[in-house]
Protein chains: 2
Amino acid sequence: MVQIPNTPTSADVARLAGVSRATVSYVLNKTDAVRISDATRRRVHEAARELGYVPHAAARSLRAGHSRTVLMPAPAIPVGPLYSAFLNEVQGALGRLDYTVVQYGSVGLQCDDAARAWAELRPVAVLVPGTGIGPRGVAVLKRSGARAVVTLGPERVEGAHALLMDHDAVGRCAAAHLYERGRRRIGVVVPEEPGLEVYSRPRLAGARQALRGTGASVIGVPLAYTERAAAELVANWPELDAVFAYNDEYAMLLMRALQDTGRRIPEDVAVIGADDLMLGRLLRPRLSTVRIELPSGRALAALVDRAVRDPGGEPEVHRVLGSSVVRREST
Amino acid sequence: MVQIPNTPTSADVARLAGVSRATVSYVLNKTDAVRISDATRRRVHEAARELGYVPHAAARSLRAGHSRTVLMPAPAIPVGPLYSAFLNEVQGALGRLDYTVVQYGSVGLQCDDAARAWAELRPVAVLVPGTGIGPRGVAVLKRSGARAVVTLGPERVEGAHALLMDHDAVGRCAAAHLYERGRRRIGVVVPEEPGLEVYSRPRLAGARQALRGTGASVIGVPLAYTERAAAELVANWPELDAVFAYNDEYAMLLMRALQDTGRRIPEDVAVIGADDLMLGRLLRPRLSTVRIELPSGRALAALVDRAVRDPGGEPEVHRVLGSSVVRREST
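Thresholds applied
Residues numbered from 1 in each chain as written. Chains lettered and ligands numbered in written order. Predicted model: local features only at pLDDT ≥ 70, side-chain atom pairs only at ≥ 80, totals over all residues. Heavy atoms only, no water. Pairing = 2+ DSSP bridges. Helix = DSSP H or I, 4+ residues; strand = E, 2+ residues; numbered from the N terminus. Axes fitted to C-alpha atoms, helices over the stretch in contact; angles between N-to-C directions. Contact = heavy atoms within 4.5 Å. Phe/Tyr/Trp six-rings, centres within 6.5 Å; stacked < 30°, edge-to-face > 60°. Buried < 20%, exposed > 50% of the residue type's maximum accessible area, 1.4 Å probe, protein only. Lys NZ or Arg CZ within 6 Å of the ring centre and 35° of its normal. Salt bridge = Lys/Arg side-chain N within 4 Å of Asp/Glu carboxyl O. Arc of directions from axis to C-beta. Parallel < 35°, antiparallel > 145°, perpendicular 65-115°, else oblique. Left-handed = near helix turned anticlockwise from the far one by under 90°. Nonpolar A, V, L, I, M, F, W, Y, C, P; charged D, E, K, R; others polar.

Participant: I would appreciate a short explanation of the sheet that holds strand 7 (residues 217–223) of chain A in the present structure.
Facilitator: The pairing of strands in a sheet happens through backbone hydrogen bonds and is either parallel or antiparallel. Residue and element names in this part refer to chain A. Across the sheet, which stays open at both edges, the six strands sit in the order 7-6-8-9-10-12 with mixed pairing between neighbours. Each having just a single partner strand, strand 7 and strand 12 (322–326) make up the two edges of the open sheet. On average, adjacent strands in this sheet sit at an angle of 20° to one another, irrespective of strand direction. Its contacts with the sheet put helix 9 (residues 197–211) on strand 6 (185–191), strand 7, strand 8 (242–244), strand 9 (270–274) and strand 10 (288–293), and the angle it makes with strand 7 is roughly 165°.

Have a look at this one:
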């Protein structure tokens, strides 16, 4: 026979603490509606701890008619230190506002199917990084009770609040810097890895926009993140005198390939990356880069909370992402 | 007035599809107990889609007495491409077995408090990477209905299945290679960043173990991931002739500091990293490294499924993590 341990109930907790079940529920679900003395709260917490009782989030949300769960699709691509710190900050800030943040993988699901899967969890709010959702997906989520959908991406999605990640500015910044350093034939690396178009497309567009009318040329340069691809690119070098390499890691790859064929950096080709990673400072010459500032996790949490409290309000739109050039030796 | 969209119910779907509510529930919750024709299934799916109805995971799990949710604490530290691919593989494989994988941040929560927070979500199984849980946490999860807790870490936790990540082997492998290359005073970098002790401690222990009785010395070398810390370490260099640098990123940092003070690699100091990242191949000299193989996501998903079906079975223990040296120019 399979032995399943007895699951303690809130009635057990009430008995041990000598209070009513309602009191247990008020205390453990942090309801503010009822005044309960600190001593009683302590007794309930101690009894729950002793019995190993934890409230049931699903039951609570069914009772309340909505959950305190904020869903955040888990990123399918590896996340750098910058974005990882941002995610932690968002989770911490939402936690302090008494939300539970849950990340949900949507690997292999297309846009609106992913939204449907998320809706099954009945989150009170959903944060969607990148371009993971369309207007139909937003509608599905709202119909199943989500009070707020917030996108973090390059474009607005109908019905959702938007933190517009201004990746154009990253490209503008890099291209303007290269132009200022006297470069006129400028390549912009477009990674071939899937999932990065969301960032690479606006970066290229921003670079083009920055140099429109100057007579300088801006060329998109497709590049896969492999040594072979970098070597091939350099072997058929389109005689560029500068490259914005998408980010520091692609910059390192490209610098190595250029140096291996005897090109001098920055004399023959200036190279600038983005993200201001440690590795750029360790390269020789030291890599110039675009430092990117993400929005504060606290501001994002506050937006979610505002939207949850006022689900009928106009969608908010904020431009976020600060960009600034850090010039080192490679440009 | 706040306008909240009308949430469609399963009754609406039943009406539109011309079937009973029970049929809607059978079809959308993928119950196999009842035979339903493909045509009816299609009608139900179409009606649900048209109305934008999605089943409620929490209600379903309350009805069923357990959920199909597998909880996976979201890593608080940035994850490299290797681990990120592994997480995606696990999620995909569990998804194909009809589980819903949810990642839950536990930033700022200590061990057993985290387990209590996870238990609120009533997962049917929990995967815990690192050393995020103790025997009490496992008991809390089981009492609240989790049928399986699987840890991925250096040690077994009572009551849980264990995939033992053999980080000792990574250290053994690196140290044996350096010894074989004629080195006798070997440093092992121990990162000062919090959260990495779980990996660094067994790596150092493995290196010591590999060279016990050989007369070679193995010294733990604390190092923070900053240029200043690396420069200070090199300025007070304990005259080591080789270093296992924890991983490729610390190796890059240390190589740069050594080269900046005129030390030749590998002549004066041999350096080996771990993880086999691209950046190691781009360094000059090219970085030797320990390639680490994670367990297959499919095997882990199968273990979870087995454990969920037979919650009373003996905890399984598997040693995982393959390690092999990739020798390049730095050793």
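Participant: What is the right way to look at the packing of aromatic side chains in this model?
Facilitator: The geometry of an aromatic ring pair comes down to the distance between the two centres and the angle between the two planes. By the definition in use, this model includes four aromatic pairs over all chains. Plain terms: the ring middles of Tyr-246 of chain A and Tyr-250 of chain A are 5.7 Å apart, the flat faces sit at 85° to each other, and that makes the pair edge-to-face. Tyr-250 of chain A matches Tyr-246 of chain A in its accessibility class, with the two residues each being buried. Against the face of Tyr-179 of chain A rests Arg-184 of chain A, its NZ or CZ located 3.7 Å from the ring centre. Between the NZ or CZ atom of Arg-68 of chain B and the centre of the ring of Tyr-99 of chain B, over which it lies, the distance is 4.0 Å.

Participant: Teacher, can you tell me more about unusual backbone geometry here?
Facilitator: Both trends apply: most residues other than glycine have a negative phi, and most peptide bonds are in trans. Each neighbour pair has its own omega, and for Ile-265 of chain B with Pro-266 of chain B the value is 5°, a cis peptide bond. Within the fold, Pro-266 of chain B resides in the loop between helix 11 (248–260) and strand 9 (270–274). Geometrically, the link from Arg-284 of chain B to Pro-285 of chain B is a cis peptide bond, its omega value of -5° lying close to zero. With respect to the helices and strands, Pro-285 of chain B occurs in the loop between helix 12 (278–282) and strand 10 (288–293). Phi at Asp-98 of chain A is positive, roughly 75°, even though this residue is not glycine. Mapped onto the elements of the fold, Asp-98 of chain A is located in the loop between helix 5 (81–96) and strand 2 (100–104). Even without glycine at this site, Glu-239 of chain A takes up a positive phi of about 50°.

Participant: How do you make sense of the pattern of salt bridges when you look at a structure like this?
Facilitator: If the charged atoms of two oppositely charged side chains come close together, the side chains can form a pair. What the rule picks out here adds up to 26 salt bridges over all chains. Residues Asp-166 of chain B and Arg-319 of chain B are paired through a salt bridge, measuring 3.3 Å at the closest nitrogen-oxygen approach. With Asp-166 of chain B in the loop between strand 5 (161–165) and helix 8 (167–180) and Arg-319 of chain B in strand 11 (residues 317–320), this pair connects stretches of sequence that are 153 residues apart. The class of Asp-166 of chain B is buried, set by a relative accessible area of 13%. Since its relative accessible area comes to 60%, Arg-319 of chain B is described here as exposed. Taken together, the shared-partner salt bridges connect Glu-227 of chain A together with Asp-276, Arg-281, Arg-291 and Arg-328 of chain B into one network.

Participant: Honestly, the environment of Arg-298 of chain A in this entry has me stumped. Any pointers?
Facilitator: Residue and element names in this part refer to chain A. Within the secondary structure, Arg-298 sits in helix 13 (residues 297–309). In this structure the C-alpha to C-alpha distance between Arg-298 and Phe-86, which are 212 residues apart in sequence, comes to 9.6 Å. The residues contacting Arg-298, other than those within four sequence positions of it, are Glu-89 and Ala-93.

Participant: Help me understand helix 7 (residues 135–143) of chain B, please; the structure alone is not making it clear to me.
Facilitator: Each turn of an α-helix holds 3.6 residues, which means side chains three or four residues apart point in the same direction. Residues and elements named next belong to chain B. Taken together, the buried positions of helix 7 are Gly-137, Val-138, Val-140 and Leu-141. Summarising the axial view, the buried residues of helix 7 lie within an arc of 160°, below the 170-degree limit, and thus occupy one face. Just downstream of helix 7 lies Gly-145, where phi reads positive at about 110°.

Participant: Looking at this model, I keep getting lost on the packing of helix 1 (residues 10–17) of chain A against helix 3 (residues 38–51) of chain A. Mind explaining?
Facilitator: In a pair of packed helices, the angle between the axes and the distance between the axes together describe the arrangement. Residue and element names in this part refer to chain A. Between helix 1 and helix 3, whose axes approach to 9 Å, the crossing angle comes to 125°. Taken together, the axes of helix 1 and helix 3 lie oblique to each other. Viewed along their axes, helix 1 and helix 3 form a crossing whose handedness is right-handed. Residue-level contacts link Asp-12, Val-13, Leu-16 and Ala-17 of helix 1 to Arg-43, Val-44, Ala-47, Ala-48, Glu-50 and Leu-51 of helix 3. Across the contact of helix 1 with helix 3, the residue classes tally to seven nonpolar, no polar and three charged.

Participant: Please explain the environment of Leu-71 of chain B as it appears in this structure.
Facilitator: All names here are of chain B. Take Leu-71: it is sitting in strand 1 (residues 69–73). In this structure Leu-71 comes out as buried when scored by relative accessible area, which is 0%. Through-space distance from the C-alpha of Leu-71 to that of Val-149 is 9.5 Å; in sequence the pair is 78 residues apart. Setting aside anything within four residues of it in sequence, one finds Leu-71 in contact with Val-102, Tyr-104, Trp-118, Leu-121, Pro-123, Ala-125, Val-126 and Leu-127.

Participant: Please explain the environment of Ala-274 of chain B as it appears in this structure.
Facilitator: Residues and elements named next belong to chain B. Along the chain, Ala-274 turns up in strand 9. Residue Ala-274 is classed as buried on the basis of its relative accessible area, which comes to 0%. Distance in space between the C-alpha atoms of Ala-274 and Ala-245 is 7.7 Å, their sequence separation being 29 residues. With sequence-adjacent residues up to four places away left out, Ala-274 is seen in contact with Val-170, Arg-203, Phe-244, Tyr-246, Asn-247, Asp-248, Thr-289, Val-290 and Ile-292.

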